[in-house]
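Each chain, letter by letter, is given below.
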Amino acid sequence: AVRHRAPGLRMTDAALSARYGDIVEQSPEPITMISEDYVYEIANESYCLVLGGTREEIVGAHVSKAWGQKHLDATLRAHLDRCFAGERVQCQEKLAAELRELILHVSFHPYRDRDGAALVFATDVTQIRHLETQLQEYQFKDPTTGLFNRRSLNVVLRAELEKAKRAMGGGAEP
């Protein structure tokens with residue numbers, strides 16, 4: 001049931017803060033805050049589910065524990081450092097979950113109330129990426145038979161004709 005507040009009444013700062021906390025916690029999107037020393041300060045339930053851990057295991061832990069030192073050094077550190085410097089950063093990350101691989105769209109936002117922290121929001125785009133891949137395959141293959149279609153023949157034929165022209169010195173038609 002939705003309760004309405006009487007006009008003119010305002011929530012106290014504590015009530016408003018609690019409401020914001022509830023919103024973050026109940027979000028279906030993974031949300032976390034990472035300090036400049038690469039330690040998780042906050043992780044909502046959705047983030048914990050994606051990483052396959054409990055809040056107790058994640059909050060206070062180093063990012064390398066969740067993602068691995070190699071991945072932190074190769075990718076995440078650069079994104080986080082840019083974020084700590086004040087830049088908003090977006091990327092895609094692959095995460096091998098227990099039963100399947102997830103593709104996440106990740107946004108790193110500088111935390112404005114304090115230097116050196118990043119708010120991280122993730123969205124699971126796995127299904128969208130798989131559908132995009134299927135659509136691209138359907139451009140060149142018949143979805144029913146799996147055989148290459150006329151469009152793929154035209155693309156290959158055009159490429160081969162160009163290659164033959166170059167082999168002949170770019171002159172006359174082969």
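In this text, all values refer to a predicted model and were calculated from it rather than measured experimentally. (Residues numbered from 1 in each chain as written. Predicted model: local features only at pLDDT ≥ 70, side-chain atom pairs only at ≥ 80, totals over all residues. Heavy atoms only, no water.)

Participant: A description of the nonpolar core should follow, citing residues and the corresponding values.
Facilitator: Of all hydrophobic cores here, the largest spans 25 residues; its most connected members are Y40, L51, V63, W67, L80, V106 and F108. Secondary structure elements with two or more residues in this core: β2 (40–43), α2 (45–51), α4 (63–67), α5 (69–84), β3 (89–96), β4 (101–110) and β5 (117–124). Counting residues per element, this core draws most heavily on α5, which supplies 5 residues. Apart from the residues within four sequence positions on either side, L80 is in contact with I34, Y38, F108 and A118. (Core = buried A, V, L, I, M, F, W, Y, C linked by side-chain atoms within 4.5 Å. Buried < 20%, exposed > 50% of the residue type's maximum accessible area, 1.4 Å probe, protein only. Helix = DSSP H or I, 4+ residues; strand = E, 2+ residues; numbered from the N terminus. Contact = heavy atoms within 4.5 Å.)

Participant: Talk me through the environment of Q127; I want residue IDs and the actual numbers.
Facilitator: Inspection of the secondary structure puts Q127 in helix α6 (residues 126–140). A residue is classified by how much of its surface remains accessible, and Q127, at 61% relative accessible area, is exposed. For the pair Q127 and I103, spaced 24 residues apart in the sequence, the C-alpha separation amounts to 8.4 Å.

Participant: How would you explain the side chain of T126 if you had to name every residue and give the values?
Facilitator: Turning to its location among the elements, T126 is positioned in helix α6. Looking at T126, its side chain comes within polar contact range of the main-chain nitrogen of I103, at 2.7 Å. If near-sequence neighbours (up to four positions away) are discounted, T126 is found in contact with R100, E101, L102 and I103. (Polar contact = N/O pair within 3.5 Å; in protein donor to acceptor, adjacent residues only side chain to side chain.)

Participant: So what's going on with unusual backbone geometry? Residues and values would help.
Facilitator: For Y38, which is not glycine, the phi torsion reads 65° and is therefore positive. Structurally, Y38 can be placed in the loop between β1 (31–35) and β2. Judged by its relative accessible area of 11%, Y38 is buried.

Participant: Give a detailed account of the side chain of S27, specifying residues and quantitative values.
Facilitator: Looking at where S27 falls in the secondary structure, it is placed in the loop between α1 (13–26) and β1. Among all residues touching S27, those that are not within four sequence positions of it are N44 and S46.

Participant: Any details on the sheet that holds β2? Residues and values, ideally.
Facilitator: Strand order in the open sheet formed by 5 strands is β2-β1-β5-β4-β3, with antiparallel pairing between adjacent strands. Each of the sheet's edge strands pairs with one partner strand only, and the pair in question is β2 and β3. Strand-to-strand twist in this sheet, taken as the mean axis angle between neighbours without regard to direction, amounts to 25°. Sheet topology places β3 next to β4; 8 bridges connect them, and they run antiparallel. The residue of β4 that forms the bridge with Q90 is S107. (Pairing = 2+ DSSP bridges. Axes fitted to C-alpha atoms, helices over the stretch in contact; angles between N-to-C directions.)

Any link to function would need more than the numbers given here.
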